[in-house]
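# Structural features, examined
For reference, the chains in residue letters:
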Amino acid sequence: MRPVLLLVLPVLLLVLLGLVGGQQQALMDYLERRLQAIEERISLWHEQTTRYASELREAKQALVLQLEGLEKSKEVQRGELDGLGTRVSRVEREMDFLETQKEAQPCVDVDEKLVEQQVTVAKEKTKLKYAKLSGCKDMLESVKGMKILKRFGDSEGVWGRDMSLGAGRVYIFNGSSDDTLYQFPSLRDFTSSSGTTLGTPIRLPGQWRGMGHVVYRSHAYLLEEGAEPRLLKVSLPGGALADSSVLPLVELLPPYTLTPDTLLDLAVDEEGLWAIYATRTDPRHVALAKMDADTLAVSHTWSTPCARENAEAAFVVCGTLYVVYNTRLPGRSRVQCVYDVGELLAADEAPLTYFPRRQGAHSSLKYSPHEKLLYAWGQGYQILYKLTMRSKLDI
Ligand SMILES: *[C@@H]1O[C@H](CO)[C@@H](O)[C@H](O)[C@H]1NC(C)=O
């Protein structure tokens, strides 16, 4: 058995080795092929990357060029805009100048006789009853400066101070109908307050409607609407009802067709409290009443030649009513009708006065006699207009 084994074993070994050698060769060949394939792929990637990189570079260059072009056209446009700006302000200056040169236009196109009758009646009444409380002879010369202070609340509203002081607290009546006003300690507090955070709410004993209310001698005066409109006098800051009275003015109509929510507009001037209104007796014109702020009585009334149509607001300075007109599509507001209860100023002597620069409606204009300012609420903005005056005796 042993010699046989000795012969067979080497043969087996050789065969085995041969097999292993063959497999190894195959493996080597296989690996070589794979490697070659990988190398080919790598070189392909390399080629592609290089191509992408150069494409990217080109795109970047193109972008830089385009940006430079844009920058240049921006410069050109800015230059053009600047030119346009100066031209617009020159045109505005010229318009302002022309407006000051222009004669006042007649306010209304009514039957002359009717107006004359009314004027005569008013004259007689004035002579009989109305005694001016102050020797104030100022008339409006221009609405000079404008300052937009804030955007607060609804598109309609009223704001101002106690008009007998023209200083101190600021009162905000947001919206055309509510029962809570906000009091701010100062103008600065109002402008820096986010919403009503720095303000104190004051609940009124009645609901207001429209933009007729005013604050005067530590009281808020407002019209409470209903079957019988009542004038309420409310103590501030407490909010208690101090007095109320049913107005002797019957069949009221909104005095301004562009601000139809206001049924009776209260105003303060150097001589006290006034009411601007209209009635069915003379539905085309604005009427004026002098109020007694202590008793809430109406001490005198006047018909005026000022049309209700296209009126948006009005104010009284030294016993003269200034009615402000605009257009349905809000344009530039202008004082286009004037009525002086003291008759120093004839309607056609007053100059047509434009409000500066701003196109837009005013839902209220409240005159502050001490400051010669108008507190205006225009489409949600609280605006101050500075008025300049001259003497009625100079014309
Ligand atoms: C103002 O009034 C309007 C409604 O008229 C209301 O929606 C709004 O919240 C009020 N704004 C503030 C700040 O009170």
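Residues numbered from 1 in each chain as written. Predicted model: local features only at pLDDT ≥ 70, side-chain atom pairs only at ≥ 80, totals over all residues. Heavy atoms only, no water.

### Concerning the confidence of the model for the chain
For the chain, per-residue confidence averages 84 on the pLDDT scale, and residues scoring 70 or more make up 81% of the total. Within the model, the stretch residues 100-112 combines pLDDT values under 50 with 18 contacts to residues more than four positions away or in other chains. Contacts from residues 119-129, a stretch scored under 50 in pLDDT, to residues over four places away or in other chains number 12 contacts. (pLDDT = per-residue confidence, 0-100. Contact = heavy atoms within 4.5 Å.)

### Let's talk about the nonpolar core
Within soluble globular proteins, side chains that are nonpolar tend to cluster in buried spots. Trp159, Ile172, Tyr221, Leu231, Leu264 and Leu273 are the most contacted members of the largest nonpolar core, which has 33 residues in total. Not counting residues within four places of it along the chain, the set of residues in contact with Tyr221 comprises His213, Val214, Tyr216, Leu232, Lys233, Leu266, Leu273, Ala293 and Leu296. With 23 residues, the next largest nonpolar core counts Val338, Leu374, Tyr385 and Leu387 among its residues. (Core = buried A, V, L, I, M, F, W, Y, C linked by side-chain atoms within 4.5 Å. Buried < 20%, exposed > 50% of the residue type's maximum accessible area, 1.4 Å probe, protein only.)

### Structural notes on the state of the cysteines
Scanning the model with the defined rule gives 2 disulfides in all. One disulfide in the model links Cys136 with Cys318; its S-S distance is 1.5 Å. Here Cys136, found in the loop between helix H2 (112-128) and strand E1 (138-151), pairs with Cys318, found in the loop between strand E15 (311-317) and strand E16 (320-325); they are 182 residues apart in sequence, far enough to count as distant. Per residue, the accessibility class of Cys136 equals that of Cys318, and both read buried. The disulfide bridge from Cys306 ends at Cys337, spanning 2.1 Å between sulfur atoms. The sign of the -80 degrees torsion about the S-S bond sets the Cys306-Cys337 disulfide as left-handed. Taken as a pair, Cys306 in strand E14 (residues 298-307) and Cys337 in strand E17 (residues 334-340) lie far apart in primary sequence, 31 residues in all. Using a relative accessible area of 1% as the deciding quantity, one classes Cys337 as buried. (Disulfide = S-S within 2.5 Å. Helix = DSSP H or I, 4+ residues; strand = E, 2+ residues; numbered from the N terminus.)

### Regarding the packing of aromatic side chains
This model, assessed by the stated rule, comprises 9 aromatic pairs. Between Phe315 and Tyr322, the aromatic rings sit 5.5 Å apart at their centres with planes inclined by 15 degrees, giving stacked as the arrangement. Among the residues examined, Phe315 registers a relative accessible area of 1% and is labelled buried. Through a chain of ring-to-ring contacts, three or more aromatic side chains come together here, namely Phe152, Trp159, Phe184, Phe190 and Tyr375. Here Lys290 stacks its cationic end above the ring of Trp274, 5.4 Å away from the centre of that ring. (Phe/Tyr/Trp six-rings, centres within 6.5 Å; stacked < 30°, edge-to-face > 60°. Lys NZ or Arg CZ within 6 Å of the ring centre and 35° of its normal.)

### Things to note about a nonpolar patch on the surface
On the surface, Leu27, Tyr30 and Leu31 cluster together into a nonpolar patch covering about 300 Å² of accessible area. One can find Leu31 in helix H1 (residues 2-101). Given the relative accessible area of 43%, Leu31 is considered partly exposed. (Patch = residues over 30% accessible without salt bridge, like charges linked within 9 Å, V, L, I, M, F, W, Y side chains within 5 Å. Areas by Shrake-Rupley, 256 points an atom, 1.4 Å probe, with all protein chains shown as cover. Salt bridge = Lys/Arg side-chain N within 4 Å of Asp/Glu carboxyl O.)

### Structural notes on the side chain of Arg161
Its place among the elements puts Arg161 in the loop between strand E2 (157-160) and strand E3 (170-174). Taking relative accessible area as the criterion, Arg161 reaches 11% and is therefore assigned buried. Within the structure, the side chain of Arg161 is placed 2.7 Å from the backbone oxygen of Gly168, a separation counted as a polar contact. One polar contact links Arg161 to Glu371, side chain to side chain, over a distance of 3.5 Å. Non-local contacts of Arg161, meaning those with residues more than four positions away in its chain, are made with Gly166, Ala167, Gly168, Arg169, Val170, Tyr171, Leu187, Val215, Glu371 and Tyr375. (Polar contact = N/O pair within 3.5 Å; in protein donor to acceptor, adjacent residues only side chain to side chain.)

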